[in-house]
Amino acid sequence: MWKIGGKYCQSRLMLGTASYPSLDVLCQVVKETNVDILTVSLKRENAHKSSGKSFWEQISTLGCNILPNTAGCRNAKEAIYIAEMAREIFETHWIKLEVIGDELLLQPDSFELIKATEILLGMGFEVFPFCTEDYLVCKKLVELGCQILMPWGSPIGSGKGILQSYALKILRERFSNITLIVDAGMGSPLHAMQAMLLGFDGVLINSAVAKATDPVAMAKAFKLAIESGHLALRAGIIPETDLANASTPLTQTIFGKKLCNQ
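Below or above, wherever it landed, is the structure these notes cover.

It is worth spelling out the nonpolar core at this point. Counting residues in each nonpolar core, the largest one holds 61 residues, and the members touching the most others are Leu15, Leu38 and Ile205. No other element matches the seven residues that helix H4 (residues 76–90) contributes to this core. Setting aside residues up to four positions removed in sequence, Leu15 forms contacts with Tyr20, Val29, Thr33, Val35, Ile37, Leu38, Thr39, Ile205 and Val209. Formed by 12 residues, the second largest nonpolar core is a distinct cluster that contains Trp2, Cys9, Ile37 and Trp94.

A few words now on unusual backbone geometry. Although it is not a glycine, Leu106 adopts a positive phi angle of roughly 50°. Relative to the assigned elements, Leu106 resides in the loop between strand E6 (94–97) and helix H5 (110–122). At Ala184, a residue that is not glycine, the phi angle is positive and equals roughly 95°. Tracing the chain through its elements places Ala184 in the loop between strand E9 (179–183) and helix H8 (189–197).

Time to look at the pattern of salt bridges. It is possible for side chains of opposite charge to pair when their charged atoms get near one another. For the structure shown, the criterion picks out seven salt bridges. In this structure, Lys96 and Asp183 form a salt bridge, with 2.7 Å as the shortest nitrogen-oxygen distance. Taken together, the positions of Lys96 in strand E6 and Asp183 in strand E9 put the pair 87 residues apart, joining distant regions of the chain. Take Lys96 and Asp183: they sit in the same class, and that class is buried. Close ionic contact of Lys115 with Glu112 constitutes a salt bridge, the shortest N to O distance being 3.1 Å.

Note that an α-helix has 3.6 residues per turn; residues three or four places apart therefore point the same way. Spanning 13 residues, H5 covers 18 Å between terminal C-alpha atoms, matching the ideal 18 Å at 1.5 Å per step. Three or more residues of H5 are buried, namely Ser110, Glu112, Leu113, Ile114, Ala116, Thr117 and Leu120. Those residues of H5 hidden inside the fold are in contact with H4, E6, strand E7 (126–131) and helix H6 (135–144). Phi for Gly124, located one or two positions after H5, is positive at around 90°.

Turning our attention to the pairing of strand E10 (residues 202–205). Burial of E10 is two-sided: the residues Gly202 and Leu204 facing one way and the residues Val203 and Ile205 facing the other way are all buried. Pairing geometry for strand E3 (residues 13–16) and E10, over three bridges, is parallel. The partner of Met14 across the bridge, within E10, is Leu204. With three bridges joining them, E9 and E10 adopt parallel strand pairing. In the strand pairing of E10, Val182 is matched with Val203. In terms of handedness, the path from E9 via H8 over to E10 forms a crossover that is right-handed.

Basis of the calculations
- Residues numbered from 1 in each chain as written.
- Predicted model: local features only at pLDDT ≥ 70, side-chain atom pairs only at ≥ 80, totals over all residues.
- Heavy atoms only, no water.
- Core = buried A, V, L, I, M, F, W, Y, C linked by side-chain atoms within 4.5 Å.
- Buried < 20%, exposed > 50% of the residue type's maximum accessible area, 1.4 Å probe, protein only.
- Helix = DSSP H or I, 4+ residues; strand = E, 2+ residues; numbered from the N terminus.
- Contact = heavy atoms within 4.5 Å.
- Salt bridge = Lys/Arg side-chain N within 4 Å of Asp/Glu carboxyl O.
- Expected span 1.5 Å × (residues − 1).
- Pairing = 2+ DSSP bridges.
- Right-handed = clockwise from strand over helix to strand, strands pointing away.

Listed below in structure tokens is the structure:
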């Protein structure tokens, strides 16, 4: 069990709910992986009002914690409006704050993100800010009161994995008491395992699962990779060396008799 946003969870895999082949496939993925947290975009779902009601009804039966997000917002004012609406609909003070500043890279607008974060924290929200790996931006978010950060591994949906492992490692070292989730850019389970080996608390996946040939199998693969990475880190990974280091000594004894070195 681990704690995030005041709630205890078992799975360190978090899933987005967009782009799945069907709602039934999404539900299968959730049931097979036993995830605790699902992100949902209120703005995007409102754009498909005919299927919106069915979506909310089925999602509510899965027993997951809902993390509403402000995906699609381009400025702080718009994100705050969506956050207030999400709090009323889902009866949660959690909000994944996304404020995108570039259409091609879908890169967070750090200025608008910081502005919205400060206001939403003052309104009593538990803000999960989607940010880059920029240390100074993350430092400001923490100074404002964020207990959770969600830096990207690489641009949303790119599948490139972790591009700035050094920068993410610095975040883990400098913010030892902050919950860190790698969000965006994961392409394969290997990428998720790398995030866990860096010491991150969890990974949020959407496109890599939703757009896979077999989303259910891919979700299981990510789940196992995340569990494996977390377990390996806790077990203690041996340090890298530039030279060979024999696992079996050149000089051994059996029953007190020397086998070599004569």
